[in-house]
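A structural walkthrough
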Amino acid sequence: MSELIEETLALDTSCRKSHHPLSVKRDLTNRLSRVEGQIRGIKGMVEKDVYCDDIITQLAATQSALNSVTKVLLEGHLKGCVKDRLENGEEEVLDELLVTIQKMMRK
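The structure displayed is predicted, hence computed values, not measured ones.

Definitions and limits used
- Residues numbered from 1 in each chain as written.
- Predicted model: local features only at pLDDT ≥ 70, side-chain atom pairs only at ≥ 80, totals over all residues.
- Heavy atoms only, no water.
- Axes fitted to C-alpha atoms, helices over the stretch in contact; angles between N-to-C directions.
- Helix = DSSP H or I, 4+ residues; strand = E, 2+ residues; numbered from the N terminus.
- Parallel < 35°, antiparallel > 145°, perpendicular 65-115°, else oblique.
- Left-handed = near helix turned anticlockwise from the far one by under 90°.
- Contact = heavy atoms within 4.5 Å.
- Nonpolar A, V, L, I, M, F, W, Y, C, P; charged D, E, K, R; others polar.
- Expected span 1.5 Å × (residues − 1).
- Bend = angle between axes of the 7 residues up to and from the residue.
- 1 Å grid on protein atoms, 1.4 Å probe; cavity = no way out; pocket = protein on both sides within 12 Å on 5 of 7 lines; lining within 4 Å.
- Points joined across faces, edges and corners; volume = space filled by probe spheres on them.
- Buried < 20%, exposed > 50% of the residue type's maximum accessible area, 1.4 Å probe, protein only.

**Structural notes on the packing of helix 2 (residues 22-47) against helix 3 (residues 52-87)**
Contact geometry for helix 2 and helix 3: axes closest at 10 Å, N-to-C directions at 165 degrees. Judged by the angle between their axes, helix 2 and helix 3 are roughly antiparallel. The handedness of the crossing between helix 2 and helix 3 comes out as left-handed. The residues of helix 3 that touch helix 2, namely those facing Val 24, Asp 27, Leu 28, Arg 31, Leu 32, Val 35, Gln 38, Ile 39, Ile 42, Met 45 and Val 46, are Asp 54, Ile 55, Gln 58, Leu 59, Ala 61, Thr 62, Ala 65, Leu 66, Ser 68, Val 69, Val 72 and Leu 73. Split by residue class, the contact of helix 2 with helix 3 holds 16 nonpolar, four polar and three charged.

**What about helix 3?**
Taking 1.5 Å of rise per residue, the 36 residues of helix 3 would be expected to cover 52 Å, and the 50 Å separating its terminal C-alpha atoms lies within 8% of that figure. In the structure, helix 3 departs most strongly from a straight axis at His 77, where the bend amounts to approximately 40 degrees. The inward-facing, buried residues of helix 3 abut helix 2 and helix 4 (92-105). Positive phi shows up at Gly 89, right after helix 3, with a value of about 80 degrees.

**Digging into the layout of surface pockets**
One number sums up the size of the second largest pocket: a volume of about 270 Å³. If you trace the second largest pocket, you find 13 residues lining it, with His 19, His 20, Pro 21, Gly 76 and Gly 80 closest to the centre. With eight residues, helix 3 is the largest single contributor of residues to the lining of the second largest pocket.

**Re unusual backbone geometry**
Even without glycine at this site, Asp 49 takes up a positive phi of about 55 degrees. With respect to the element layout, Asp 49 can be found in the loop between helix 2 and helix 3. Among the residues examined, Asp 49 registers a relative accessible area of 67% and is labelled exposed.

**What about the side chain of Arg 85?**
Among the structural elements, Arg 85 can be located in helix 3. Residue Arg 85 is classed as buried on the basis of its relative accessible area, which comes to 11%.

**Overview of the environment of Lys 25**
Looking at where Lys 25 falls in the secondary structure, it is placed in helix 2. Note on Lys 25: relative accessible area 46%, which makes it partly exposed. Between the C-alpha atom of Lys 25 and that of Leu 73, which follows or precedes it by 48 residues, the distance is 9.8 Å.

**With respect to helix 2**
For an α-helix, the turn length of 3.6 residues means that residues three or four places apart are oriented alike. Compared with the 38 Å implied by 1.5 Å per residue over 26 residues, the 37 Å span of helix 2 between its first and last C-alpha is a close match. Of the positions making up helix 2, those classed as buried are Leu 28, Val 35, Ile 42, Gly 44 and Met 45. Considering only its buried residues, helix 2 is in contact with helix 3. Where helix 2 terminates, the next one or two residues include Asp 49, which has phi positive at roughly 55 degrees.

Bear in mind that shape data such as this cannot, by itself, settle questions of function.
Structure below.
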């Protein structure tokens with residue numbers, strides 16, 4: 001994907017908002033709060049010179065938790081935003097989705 005498309009998509013998406021049901025927002029917020037706590041815990045482990053392997057294990061668990069958040073968001077995005085925009089004839093949403101997937105695959 002060209003840089004121009006990525007820049008255009010970034011500009012186009014700056015004004016849009018998602019419309020998640022309250023239950024999904026609560027779920028995502030709870031998941032992110034747990035991740036936030038995990039990160040604080042890992043920082044404390046580093047400060048206390050905890051054994052590297054133990055820190056790596058916690059980092060892996062945190063990454064897994066973030067991946068779960070991403071999956072929930074991606075599913076909602078596909079079933080909601082992308083579907084609705086395609087139904088409205090906005091096929092450029094597919095280019096946006098490809099950019100998003102490419103970003104996810106860089107990990």
